[in-house]
Every structure is written in C-alpha cells, then in structure tokens.
Amino acid sequence: MSTAAGLNEPERWKHYSSESIAAISVRDLKQKASVIMDDVRGIEPKQEETQFLLPSPLTVSVIGAGYAGGQPILGVEGGPRAIRDAGLVSELETLGWAVDDRGDIQFDNVPPEQDPPAGNGVKFPRQVGGCTAKLFDEVYAAASTGKLALTLGGDHSLAIGSIAAVCRAWPDTCVIWVDAHGDINTHETTPSGNLHGMPVGFLMGLVDGTVPGFEWLAPCLSPERIVFIGLRDVDPGEKKVLRQHKIKCFSMTEVDRYGIGKVMELALDHVNPKRDKPIHLSYDVDAIDPLVVPSTGTRVKGGLTYREACYICEAVSETGQLVGLDVVEVNPAIGTPDQVAETAQVAVGIIKSALGQRLI
C-alpha cells in the first residue's frame, strides 16, 4: 500500500517514534468513538405509551404460594414473605397499579405415608397435585376478572397451577419460561423425581395419567406456544424432549452470542409474532447468575446479569400483552441476611420491570 508521501506503509511508520505511533492510535480511536457517539445521539428512546391488553384501571392480584413440596430444599416456602418485605406492594402502587394482595394460600398437607412415589419415582404427586389445583382456583379467579395474576413462589412446580389457570382465562396465551433449567421432564425422564423439574411436561400433556393428583389438569400448552430463555443446566431426557417437539430455546450461549435484546426480539417473534397474544411470563430467579441472586436453591454459574434479567421483563412489558407472571425459587433460608435481602430486591426489580418500570 502506497501513501501520499510515496512511501510503502511499513516504511512510513519507520519515521515515527513509538510515542508518536501511540498518539496517532489514540487520536484514531477518539475519532472513531466520536463517530459512534454521533450515531448513538441520533437514537431516540422509545416514548410511546404502552397499550395494555388488560382493562383499566390496571390491577395486579398478588398471590402468595409458599409451597416447597416440588423440591427437597427447605426455606423456599418463605419466598412470598421475603419478596413482600422488600417493598413489593408499595413499589407496584408507585408504578400506578392497583394492588389486590390476596395474602398467602394455605395449602393442605398430605402425610408422606399416604403419598408414595409414582411413575419413575415422582415424589409427593398427590400433595403437589392438590396444591397446584388450589393455586389454579386462586389464579383463575384473578385472571378471569381482568387482573394480572402475580404468583410469588415457592418452587416452580407451582407454574402447573398458575399457567393452567391463565390459559383457561386467556385460551391463546403464550408462555415465556425464564430458567436455568428446562423443567420439562416427564414421569419417565426425571432423574430426581422432583416435580419442580416437571411443570412444562405436565402443561404440555407429556405426563400420562399414571401420576395421581393431577386428575384436574387438562393439557393446555402446545410446543409452538412456549419459548425458553436462560437455559444452562438441562437434563439429558429434557434435551431429547425439547428436540423431539422442536421447542424454541435460547440458552446462555445464545444470550452471549446475540445479546439479550436480539434474543427477546427472536423469542417474541416466535411465540407472539404480531404481539397480539396474551403472555404469561414464568420466571425462576435461578436464571440469574448466583452472584446476583445467591438465595436460591439450584444455583448454576454463568447466568443472566441483573440488567439482562430486567430487560427480558421490559421487552415483555412493552408488548402490553402480559396477563400472568410467576416469580419463584427465592429461598430466604439460604445465605446471609444481606444475601437474602439482595435476592428479594432483585425479585422485586424484575416484577417492576415486567409491570412497566423504565430507566427513562
């Protein structure tokens, strides 16, 4: 390559000291940065007012579902209290929502001797089935009257009841499932027998009638109406199910590759291309990196950042189609008091983002 001075490029640089080369490099970077900033300054943030599917005045029913029977780690039953103690209700009122706090559901206990394992070692099926049926009734009562049903867990087995209820009230609902895990095991594939790893399997009708306790449940979710975000710890049987049914998944690999903005665009394009279908967002806080949410039971390194976690909710909120929301697996028995408070505050943060909070 020749320069204006008639020198080849390598020869040209011989005439400069290392300090001069460094200065030229810095100047070049500044010039490029200036061009980029000029481009960024031309971007206007979205200011359009969201048109909500739900009727006015916007009302959220807060339903505490402190149930832990879908997994073996004690403490997650205290999740609803921890989230409320972090200021949830007042924060939602500040956003302009009317808050109908329904308190915590009192679940019935089935003695273990009356609830033996079923299928391939599925644990406490009658108790989990009964508790999710009770949650179904509470969520349906809210969703069928035009309220946004916010379920505070508790473990993720609860989504069997909450999503079934929202799909009954809003039959064309699509589901965005945010989780480190697939939660789509069946009675045949489950390696642990824990029902918090099986809710999607139940909702899709992949678990047959040999598992007692769920006689009340009718399959309500088809493969094209659900998308997963944040996966990074998926059981072998789950991988087979996901591939067999061609279910759209965005693991942390895709989040790293494309960025969370593009992932959300693609996810919504898949389940809700016209942005006109009701959305249920089911959010397990273990999708977020354990450095951000230490007080949860099934921690996996390499999760979402706090901003990525909130952006998922912001993107859903911008559609105006959110009708149901689960926030589950906050466990105040894990970690120090500061870690518990931090995790609960993150849970409140993602709820606020889903219900309309914006940075600007």
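Criteria and cut-off values
Residues numbered from 1 in each chain as written. Predicted model: local features only at pLDDT ≥ 70, side-chain atom pairs only at ≥ 80, totals over all residues. Heavy atoms only, no water. Helix = DSSP H or I, 4+ residues; strand = E, 2+ residues; numbered from the N terminus. Buried < 20%, exposed > 50% of the residue type's maximum accessible area, 1.4 Å probe, protein only. Contact = heavy atoms within 4.5 Å. Areas by Shrake-Rupley, 256 points an atom, 1.4 Å probe, with all protein chains shown as cover. Phe/Tyr/Trp six-rings, centres within 6.5 Å; stacked < 30°, edge-to-face > 60°. Core = buried A, V, L, I, M, F, W, Y, C linked by side-chain atoms within 4.5 Å. Pairing = 2+ DSSP bridges. Axes fitted to C-alpha atoms, helices over the stretch in contact; angles between N-to-C directions. Expected span 1.5 Å × (residues − 1).

Draft legend 1. Focus on the overall build of the chain. The secondary structure content of the chain amounts to twelve helices and eight strands. Looking at the chain as a whole, 51% of its 360 residues qualify as buried. Taking the intrachain contacts of the chain between residues at least 6 apart in sequence as the baseline, contacts between residues at least 24 apart amount to 75%. With an accessible surface of roughly 16,600 Å², the chain has 53% of that area assigned to carbon and sulfur atoms.

Draft legend 2. Spatial organisation of the packing of aromatic side chains. The final tally for this structure, using the stated rule, is six aromatic pairs. When the centroid spacing of 4.2 Å and the interplanar angle of 35° are considered together, the rings of F202 and F214 count as tilted. A residue pair is termed long-range when its members are at least 10 positions apart, and F202 in helix 7 (residues 199-203) and F214 in the loop between helix 7 and strand 5 (226-231) qualify at twelve residues. A single burial state applies to F202 and to F214, both of which are buried. Linked through ring pairs, F136, Y140 and W216 together constitute an aromatic cluster.

Draft legend 3. Region of interest: the nonpolar core. By size, the foremost hydrophobic cluster in this structure holds 99 residues, and its most contacted members are L150, I176, Y283, I351 and L355. Apart from residues no more than four positions distant in its own chain, L355 is found in contact with V60, L92, L95, W97, L148, S317, L322 and L325.

Draft legend 4. Looking closely at the sheet that holds strand 3 (residues 148-153). Strand order in the open sheet made by the eight strands is 2-1-3-8-7-4-5-6, with parallel pairing throughout. Edge positions in the open sheet fall to strand 2 (98-104) and strand 6 (248-251), since each of these has one partner strand only. Geometrically, the sheet is characterised by an average inter-axis angle of 15° between neighbouring strands, direction not taken into account. Pairing of strand 5 with strand 6, which is carried by four bridges, proceeds in the parallel orientation. Along strand 6, the bridge assignment pairs I229 with F250. Strands in contact with helix 12 (residues 337-354) are strand 3, strand 7 (279-284) and strand 8 (322-328); relative to strand 8, the strand with the most contacts, it is inclined by about 175°.

Draft legend 5. View of helix 5 (residues 125-143). Given a rise of 1.5 Å per residue, 19 residues ought to cover 27 Å, and the 26 Å separating the end C-alpha atoms of helix 5 matches this to within 8%. The set of residues buried in helix 5 consists of P125, Q127, V128, G129, C131, T132, A133, L135, F136, V139, A142 and A143. Structurally, helix 5 contributes buried residues whose contacts are with strand 1 (59-65), strand 3 and helix 6 (159-169).

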